[in-house]
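Read off the chains here:
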Amino acid sequence: KNEVEQSPQNLTAQEGEFITINCSYSVGISALHWLQQHPGGGIVSLFMLSSGKKKHGRLIATINIQEKHSSLHITASHPRDSAVYICAINFGNEKLTFGTGTRLTIIP
Amino acid sequence: EPEVTQTPSHQVTQMGQEVILRCVPISNHLYFYWYRQILGQKVEFLVSFYNNEISEKSEIFDDQFSVERPDGSNFTLKIRSTKLEDSAMYFCASSSGTVYEQYFGPGTRLTVT
C-alpha cells in the first residue's frame, strides 16, 4: 500500500536550534515533496525531490532512494518557521499522497 | 508570479444543499486536482482532471461529487447534496504536467451545518 510515514508528529524547539523532520515510505516513488502549511491553512511547496539534496535559504531537503527516506532540515530555526510541515509523494502517478504532517513550534 | 486562486475562501451551507467551489488554475497548466483536509486530519486526494476528463478519482469522490472546467479557465468542484462530514478545507492544485510539481490554491473552508 502506498503510505507516507512522518516523524515526529509534534516538535517544539528553542529558537536557533537545528530541526530535522523525517519521512519514510515503502515502495518506489516518482517524486517526494515537502510542503508547509500555516495556521490559516494555505499550503506552500518548499521542495520537490527525486534524488539527492536541495537547499533553499535555511531549509535543506535530502532523499535516500535506497532507504526510502527523506529528511527536511531547518538551520538556525526562527519562530516564523512555526508551521505544519508535510511530506507528500507521487507514487508513479500525478496525484499526491500525503503524510500526517509534523507540527513545528519554535519558541523565542 | 502566477498563482492558483480559489473562491470563496469560506462557505457555510446547510446539509442537503448543493455547493460549487471554484478554482482558477495557473493559465498554461494542463493537470488539475482537488484535495480535501478534514480538520485535524491529513490532506486527501479527491480527483485529478486532464484533457477535459477525470483521470483518477478516490473512493471519497462518489456520485455526490462532480468536477467541470466550464470555460477554459475555471475548474469547479460541485457537491450535490452536502453532508455534515463534507465539512473540510478543499484545496485546488494545478500542474504543467512536465514535472510533478503542483501549485496549491489557498483553499476553501466548507462548513456544513
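Rules of the game
- Residues numbered from 1 in each chain as written.
- Chains lettered and ligands numbered in written order.
- Predicted model: local features only at pLDDT ≥ 70, side-chain atom pairs only at ≥ 80, totals over all residues.
- Heavy atoms only, no water.
- Helix = DSSP H or I, 4+ residues; strand = E, 2+ residues; numbered from the N terminus.
- Rg over C-alpha atoms; globule rule 2.2 N^0.38 Å.
- Buried < 20%, exposed > 50% of the residue type's maximum accessible area, 1.4 Å probe, protein only.
- Contact = heavy atoms within 4.5 Å.
- Areas by Shrake-Rupley, 256 points an atom, 1.4 Å probe, with all protein chains shown as cover.
- Lys, Arg positive; Asp, Glu negative; His and termini not counted.
- Charge placed at Lys NZ, Arg CZ, Asp CG, Glu CD.
- Pairing = 2+ DSSP bridges.
- Axes fitted to C-alpha atoms, helices over the stretch in contact; angles between N-to-C directions.
- Buried area = accessible area lost by both parts, 1.4 Å probe.
- Salt bridge = Lys/Arg side-chain N within 4 Å of Asp/Glu carboxyl O.
- Polar contact = N/O pair within 3.5 Å; in protein donor to acceptor, adjacent residues only side chain to side chain.

1. Some details on the overall build of chain B
Reasoning step 1: The helix and strand inventory of chain B stands at 0 helices and 11 strands.
Reasoning step 2: In chain B, the succession of α and β elements from N to C terminus is β-β-β-β-β-β-β-β-β-β-β.
Reasoning step 3: Its C-alpha atoms give chain B a radius of gyration of 13 Å, within 12% of the compact-globule value 13 Å for 113 residues.
Reasoning step 4: Referenced to the eigenvectors of the C-alpha coordinate spread, the extents of chain B come out at roughly 40 × 25 × 25 Å.
Reasoning step 5: The proportion of buried residues among the 113 residues of chain B is 44%.
Reasoning step 6: Considering only contacts in chain B between residues 6 or more positions apart, those separated by 24 or more positions represent 53%.

2. Section: the overall build of chain A
Reasoning step 1: Along chain A, the regular secondary structure elements total 0 helices and 11 strands.
Reasoning step 2: Ordered by position in the sequence, the α and β elements of chain A form the string β-β-β-β-β-β-β-β-β-β-β.
Reasoning step 3: The C-alpha radius of gyration of chain A comes to 13 Å, within 12% of the 13 Å expected for a compact globule of 108 residues.
Reasoning step 4: Its C-alpha atoms give chain A principal-axis dimensions of roughly 40 × 25 × 20 Å.
Reasoning step 5: Restricting the contact set of chain A to residue pairs at least 6 apart, pairs at least 24 apart contribute 54%.
Reasoning step 6: Carbon and sulfur atoms form 50% of the exposed surface of chain A, whose accessible area is close to 5,100 Å².
Reasoning step 7: Averaged over its 9 positive side-chain charges, chain A has a centre that lies 5 Å from the centre of its 7 negative ones.

3. Quick notes on the sheet that holds strand 3 (residues 19–25) of chain A
Residues and elements named next belong to chain A.
Reasoning step 1: Reading across from one edge, 1-3-8-7-6 is the order of the 5 strands in this open sheet, with antiparallel pairing throughout. Lying at the two open borders of the sheet, with one neighbouring strand each, are strand 1 (4–7) and strand 6 (52–56). Strand after strand, the sheet turns through a mean of 15° between neighbouring axes, direction not considered.
Reasoning step 2: Pairing geometry for strand 7 (residues 59–64) and strand 8 (residues 69–74), over 6 bridges, is antiparallel. Its bridge partner lying in strand 8, T62 is registered against S71.

4. Things to note about the interface of chain A and chain B
Reasoning step 1: On the chain B side, the residues contacting the 19 residues of chain A number 19 residues.
Reasoning step 2: Here chain A packs against chain B, burying approximately 1,700 Å² in sum over the two surfaces, 60% of which is carbon and sulfur.
Reasoning step 3: Considering only the side of chain A, the residues that lose the most area to chain B are I43(A), E94(A) and F98(A), jointly responsible for 37% of the buried surface there.
Reasoning step 4: Between chain A and chain B we count 1 salt bridge in total.
Reasoning step 5: When the shortest N-O distance is used, the salt bridge between K95(A) and E56(B) registers 3.0 Å.
Reasoning step 6: Joining chain A to chain B, the criterion identifies 6 residue pairs in polar contact (both at pLDDT 80 or more).
Reasoning step 7: With 4 residues, strand 4 (residues 31–37) of chain A is the largest single contributor of residues to the side of chain A that touches chain B.

5. Comments concerning the pattern of salt bridges
Side chains that differ in charge, positive against negative, can pair when their charged atoms come close.
Residue and element names in this part refer to chain A.
Reasoning step 1: In total, this model carries 3 salt bridges over all chains according to the counting rule given.
Reasoning step 2: Two residues, R58 and D81, come together in a salt bridge whose shortest N-O distance is 2.9 Å. Placement of R58 in the loop between strand 6 and strand 7 and of D81 in the loop between strand 8 and strand 9 (83–90) is noted, with a sequence separation of 23 residues between them.

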